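So you can see what is in the structure, the chains are spelled out below.
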Amino acid sequence: MWRELWSRALLTCAIGTCSILGDFGLKYGKSNSARAMFDNATHATVGGLTWTLIVVLSRKSIARNLNSIFSCFLLASFIDLDHFVAARSWHLHDATHLQKRPFLHCTTIPIMLWILLISLSNTFHSPVLEQTSWVILAAFLSHHIRDGTRRGLWFYPFGSTRPIPYYLYVSLCMTLPYILYWLMSLHTFASKNNDEIILIDI
Ligand SMILES: [Zn+2]
């Protein structure tokens, strides 16, 4: 019980601390490439920590879920590759001086992807697809919230929000795993209920 609470508190604080340290690196980094690398490493770490906390909240073993933790870590980092795709160049200067926000930074995309994957997982009763849909959502949202403190959240075709105030952004990063875990438990509960209805029908 205490061990569980302690690890939850530790991971929640780690997400906040890592976000703040990452922002210091971004602000005071000596070169453009150092700043970009520091920022990307922060995205990856916050993504990995977000899924680790979800694993802990789900009372599952971290050791048995290293694959999904690592997937969330990598995906939260890879989202920034769209800067290079949009710039059609591998030069950091081109990638960081775009006129428009690159496509993977549109929050509508992970939401649509999540709806698609969660519907497919329901149709095919696939726990793997279900978990993948939540990992993708966690990686994208943790990345977009971090970027959102500078540029807001972009919901194409509706437009963008204003930049998220700094302390709200840190709090959102820290509460995101709890919100996602709550949504996940609602979904699991709903599918269990559906199964019961199907069983009664049969
Ligand atoms: Zn980004």
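Below is a summary of the structure that appears in this document.

What counts and how
Residues numbered from 1 in each chain as written. Predicted model: local features only at pLDDT ≥ 70, side-chain atom pairs only at ≥ 80, totals over all residues. Helix = DSSP H or I, 4+ residues; strand = E, 2+ residues; numbered from the N terminus. Axes fitted to C-alpha atoms, helices over the stretch in contact; angles between N-to-C directions. Parallel < 35°, antiparallel > 145°, perpendicular 65-115°, else oblique. Contact = placed C-beta atoms within 7 Å. Expected span 1.5 Å × (residues − 1). Buried ≥ 20, exposed ≤ 12 C-beta atoms within 10 Å, placed from the backbone. Arc of directions from axis to C-beta.

Attention shifts here to unusual backbone geometry. For residues besides glycine, phi is generally negative; the peptide bonds are generally trans as well. Omega for the bond connecting Y156 with P157 falls within 30 degrees of zero, at 5 degrees, which places this linkage in the cis form. Within the secondary structure, P157 is located in the loop between β1 (154-155) and β2 (159-160). One non-glycine residue, R59, adopts positive backbone phi at about 60 degrees. Structurally, the position occupied by R59 is in the loop between α2 (32-57) and α3 (66-78). With phi around 50 degrees, R88 is a residue other than glycine that occupies positive phi space. Mapping R88 onto the fold places it in the loop between α4 (81-87) and α5 (92-95).

In this section: the packing of helix α1 (residues 2-28) against α2. In contact at an axis separation of 9 Å, α1 and α2 are set at 170 degrees when each is read in the N-to-C sense. The pairing of α1 with α2 is recorded here as roughly antiparallel in orientation. Contact with α1, carried on its side by S7, R8, L11, T12, A14, I15, C18, S19, G22, G25 and L26, involves R35, F38, D39, T42, T45, V46, L49, T50, T52, L53, V56 and L57 of α2 and no other residues of that element.

With 17 residues, helix α6 (residues 108-124) extends 24 Å between its outermost C-alpha atoms, agreeing within 8% with the 24 Å of an ideal straight helix rising 1.5 Å per residue. Those residues of α6 that sit buried are P110, L117 and S121. Each buried residue of α6 lies within a common arc of 40 degrees when the element is viewed along its axis, so the set occupies one face. In this structure, α6 carries M112, I115, L116, S119 and T123 as exposed residues pointing more than 90 degrees from its buried face. Lining the buried residues of α6 we find α7 (127-151). Looking one or two residues beyond α6, the residue adopting positive phi is H125, at roughly 50 degrees.

None of the figures reported here should be taken as evidence of function without further support.
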